[in-house]
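# What the coordinates show
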Amino acid sequence: FWLGTDQLGRDFFSRVLYGARNSIAVAGVTTLLAFAIGSFFGIMAAMLGGIIDQILSRIVDAVLAIPDLVFTLMVLTILGSSIPNLILIIAVLTSTKIFRLARAAALNVASLDFVEAAYVRGEGILWRINHEILPNILPVLLSELGMRFCFVFLSIAALSFLGVGIQPPTAEWGAMVRENAALINMGDITPLIPAAAIALLTVGINFVVDW
């Protein structure tokens, strides 16, 4: 037992490895779903403009006005703490941030001459999005994708720590901190291991995104 055992005598090293797979996989799927939703609606709002842009923007503003953690706790309490519910709720909340960035970036590119030229020669909106808008805003969106992964990962860990995220006996780093928290009183640093893993992954992702 390289890292000792948990409160039930299970090998902690093995659970940290399995917890990494669960934590990173759930956070990755959630971030990709949020990226797809936010980018699609953000770019469409910028390209279509008018009443559609106003409606989508006001809906996003309303969702942004609600504290993410409070809203997620409330919905998970009502619908149940399952992984699909967790992914869907956090993805929808995270997509609002990506929506605003995608919309702003698309508006800047849409006003440039080469996009206007594509419109004048009769190219459709989907063609302009795929060939003119998206390639020019993709680097900005990918940088945001990395940052959003960190926030999503920390949100899932926090919800699991509070007992409404990924449920035992499934190994997950936030839940592992909560399950073994009492060992701190006995001078055992076991709960600090998954906490350090959370911090290390978050800092590592930030370094990659900055680079």
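Presented here is an overview of the structure given in this document. What you see is a predicted model; the values in this text were computed from it and never measured.

Looking at where Asn-108 falls in the secondary structure, it is placed in helix H4 (residues 83-110). Note: C-alpha distance between Asn-108 and Ile-133 (25 residues apart in sequence) is 9.4 Å.

Another aspect to go through is a nonpolar patch on the surface. Taken together, Leu-48, Ile-51, Ile-52, Ile-55 and Ile-59 make up a surface patch of nonpolar side chains, about 470 Å² in accessible area. Per-element accounting of the nonpolar patch gives the leading share, 4 residues, to helix H2 (residues 50-64). Note that Ile-51 resides in helix H2. Residue Ile-51 is classed as exposed on the basis of its relative accessible area, which comes to 61%.

When we look at a pair of aromatic rings, we describe it by the centre distance and by the angle of the planes. Here the structure, examined in full by the defined rule, presents 4 aromatic pairs. On the basis of an interplanar angle of 45 degrees and a centroid distance of 5.2 Å, the ring pair of Trp-2 and Phe-13 is categorised as tilted. Taken together, the residues span a long stretch of sequence, with Trp-2 in the segment before helix H1 (12-48) and Phe-13 in helix H1 at a distance of 11 residues. Seen in terms of ring centroids, Phe-153 and Trp-173 are 5.9 Å apart; in terms of plane orientation they differ by 90 degrees. Their pairing is edge-to-face. Taken together, the residues span a long stretch of sequence, with Phe-153 in helix H6 (residues 125-162) and Trp-173 in helix H7 (residues 173-179) at a distance of 20 residues.

Of note, Ser-23 is situated in helix H1. Relative accessible area serves as the criterion here: at 1%, Ser-23 is assigned to the buried category. For Ser-23, the side chain forms a polar contact with the side chain of Glu-172, separated by 3.2 Å.

At a minimum axis distance of 9 Å, the contact between H4 and H6 shows a crossing angle of 155 degrees. Comparing the axis directions of H4 and H6 gives the class roughly antiparallel. The element H4 and its partner H6 pack so that their crossing is right-handed. The residues of H6 that touch H4, namely those facing Leu-86, Ile-90, Thr-94, Lys-97, Ile-98, Leu-101, Ala-102, Ala-105, Ala-106, Val-109 and Ala-110, are Glu-132, Ile-133, Asn-136, Ile-137, Val-140, Leu-141, Glu-144, Arg-148, Val-152, Ile-156 and Leu-159. Residue classes in the contact of H4 with H6 are distributed as 16 nonpolar, 2 polar and 4 charged.

Before going further, it helps to examine the pattern of salt bridges. Under the counting rule described, the total for this entry stands at 7 salt bridges. With a closest N to O distance of 2.9 Å, Asp-61 and Arg-58 form a salt bridge. In this pair, Asp-61 and Arg-58 both sit in helix H2, 3 residues apart, roughly one turn of the helix. By relative accessible area, which is 32% here, Asp-61 ends up partly exposed. Note on Arg-58: relative accessible area 44%, which makes it partly exposed. Residue Arg-121 is joined to Glu-132 by a salt bridge in which the shortest nitrogen-to-oxygen separation is 4.0 Å. You can see Arg-121 sitting in the loop between helix H5 (113-120) and H6 and its partner Glu-132 sitting in helix H6, a full 11 residues away along the chain. By relative accessible area, Arg-121 is classed as partly exposed at 49%. One salt-bridge network, held together by shared partners, links Arg-10, Arg-15 and Glu-179.

Basis of the calculations
Residues numbered from 1 in each chain as written. Predicted model: local features only at pLDDT ≥ 70, side-chain atom pairs only at ≥ 80, totals over all residues. Heavy atoms only, no water. Helix = DSSP H or I, 4+ residues; strand = E, 2+ residues; numbered from the N terminus. Patch = residues over 30% accessible without salt bridge, like charges linked within 9 Å, V, L, I, M, F, W, Y side chains within 5 Å. Areas by Shrake-Rupley, 256 points an atom, 1.4 Å probe, with all protein chains shown as cover. Salt bridge = Lys/Arg side-chain N within 4 Å of Asp/Glu carboxyl O. Buried < 20%, exposed > 50% of the residue type's maximum accessible area, 1.4 Å probe, protein only. Phe/Tyr/Trp six-rings, centres within 6.5 Å; stacked < 30°, edge-to-face > 60°. Polar contact = N/O pair within 3.5 Å; in protein donor to acceptor, adjacent residues only side chain to side chain. Axes fitted to C-alpha atoms, helices over the stretch in contact; angles between N-to-C directions. Parallel < 35°, antiparallel > 145°, perpendicular 65-115°, else oblique. Left-handed = near helix turned anticlockwise from the far one by under 90°. Contact = heavy atoms within 4.5 Å. Nonpolar A, V, L, I, M, F, W, Y, C, P; charged D, E, K, R; others polar.

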